[in-house]
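Read off the chains here:
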Amino acid sequence: QQPVQSPQAVILREGEDAVINCSSSKALYSVHWYRQKHGEAPVFLMILLKGGEQKGHEKISASFNEKKQQSSLYLTASQLSYSGTYFCGTPQSSNYKLTFGKGTLLTVNP
Amino acid sequence: GAGVSQSPRYKVAKRGQDVALRCDPISGHVSLFWYQQALGQGPEFLTYFQNEAQLDKSGLPSDRFFAERPEGSVSTLKIQRTQQEDSAVYLCASSLAGPLSNQPQHFGDGTRLSIL
């Protein structure tokens, strides 16, 4: 079951904040977040684990609401480099197979 | 190398030809994944290897698609008798550990395949 991302697209001015949501109709074990720029590889941002842990390496935060089966990615004080398409991926069970959403296109303008 | 390397970056083939796409994962990574990404869509799972063993090929669209990883490092995705609907970006990803959902996957830049 493919997770649903919202919004589909968002345009920001540099310094503004954005929230990207990812929801699933099935129980979530974890949520993976990636950013992909045009013609490039998806880049790992963060993993949200059941139980509230998060693993990531960028100054971007996220939440994981198990009851609502939803994760949100928070981008604060956006920079031009934040532009790209953000994908969430959810495993179908506790294993490796990720199902990705259709993506959220984020554009940050000067 | 520092990251996952895929070759070629672009491939144009005539309908009916066979193609082979190569993936060099990050050294030491146990898990290797192939995904297909259509324009404007997220990556779709094709197949998964743990070392040299292909543990899951449930996402391969047809028996024209074949993947291998004979020595547990480099992998090749082969498509026989290509069709126009095979046109897409094929992404390879690797991760350090085994089949766990809490491990980040590191992607290559992909091969953009165009079937004429």
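This text goes with the structure placed above it.
Below, the structure is looked at part by part.

Digging into the overall build of chain B
Counting secondary structure elements, chain B contains zero helices and eleven strands. Starting at the N terminus, the α and β elements of chain B follow one another as β-β-β-β-β-β-β-β-β-β-β. Taking 116 residues into account, the globule formula puts the C-alpha radius of gyration at 13 Å, and chain B, at 13 Å, falls close to it. For chain B, the proportion of its 116 residues judged to be buried stands at 47%. Put simply, of all contacts in chain B between residues at least 6 apart along the chain, 53% involve residues at least 24 apart. Positive and negative side-chain charges of chain B, numbering 11 and 11 respectively, have mean locations separated by a distance of 7 Å.

Re the packing of aromatic side chains
If you walk through the whole model with that rule in mind, you get ten aromatic pairs over all chains. Pairwise contacts between aromatic rings join Y34(A), F44(A), F100(A), F33(B), Y35(B), F45(B), Y48(B) and F107(B) into one cluster. Sitting over the face of the ring of Y10(B), R9(B) holds its NZ or CZ atom 5.5 Å from the ring centroid.

Thoughts on the sheet that holds strand 7 (residues 65-68) of chain B
All names here are of chain B. Spatial strand order, 1-3-8-7: four strands in an open sheet with antiparallel pairing. Each end of this open sheet is capped by a strand with a single partner; those strands are strand 1 (5-7) and strand 7. On average, each strand axis in the sheet is tilted by 15° relative to the strand beside it, whichever way the strands run. Sheet topology places strand 3 (residues 19-24) next to strand 8 (residues 75-79); five bridges connect them, and they run antiparallel. The partner of R22 across the bridge, within strand 8, is T76.

Conventions adopted
Residues numbered from 1 in each chain as written. Chains lettered and ligands numbered in written order. Predicted model: local features only at pLDDT ≥ 70, side-chain atom pairs only at ≥ 80, totals over all residues. Heavy atoms only, no water. Helix = DSSP H or I, 4+ residues; strand = E, 2+ residues; numbered from the N terminus. Rg over C-alpha atoms; globule rule 2.2 N^0.38 Å. Buried < 20%, exposed > 50% of the residue type's maximum accessible area, 1.4 Å probe, protein only. Contact = heavy atoms within 4.5 Å. Lys, Arg positive; Asp, Glu negative; His and termini not counted. Charge placed at Lys NZ, Arg CZ, Asp CG, Glu CD. Phe/Tyr/Trp six-rings, centres within 6.5 Å; stacked < 30°, edge-to-face > 60°. Lys NZ or Arg CZ within 6 Å of the ring centre and 35° of its normal. Pairing = 2+ DSSP bridges. Axes fitted to C-alpha atoms, helices over the stretch in contact; angles between N-to-C directions.

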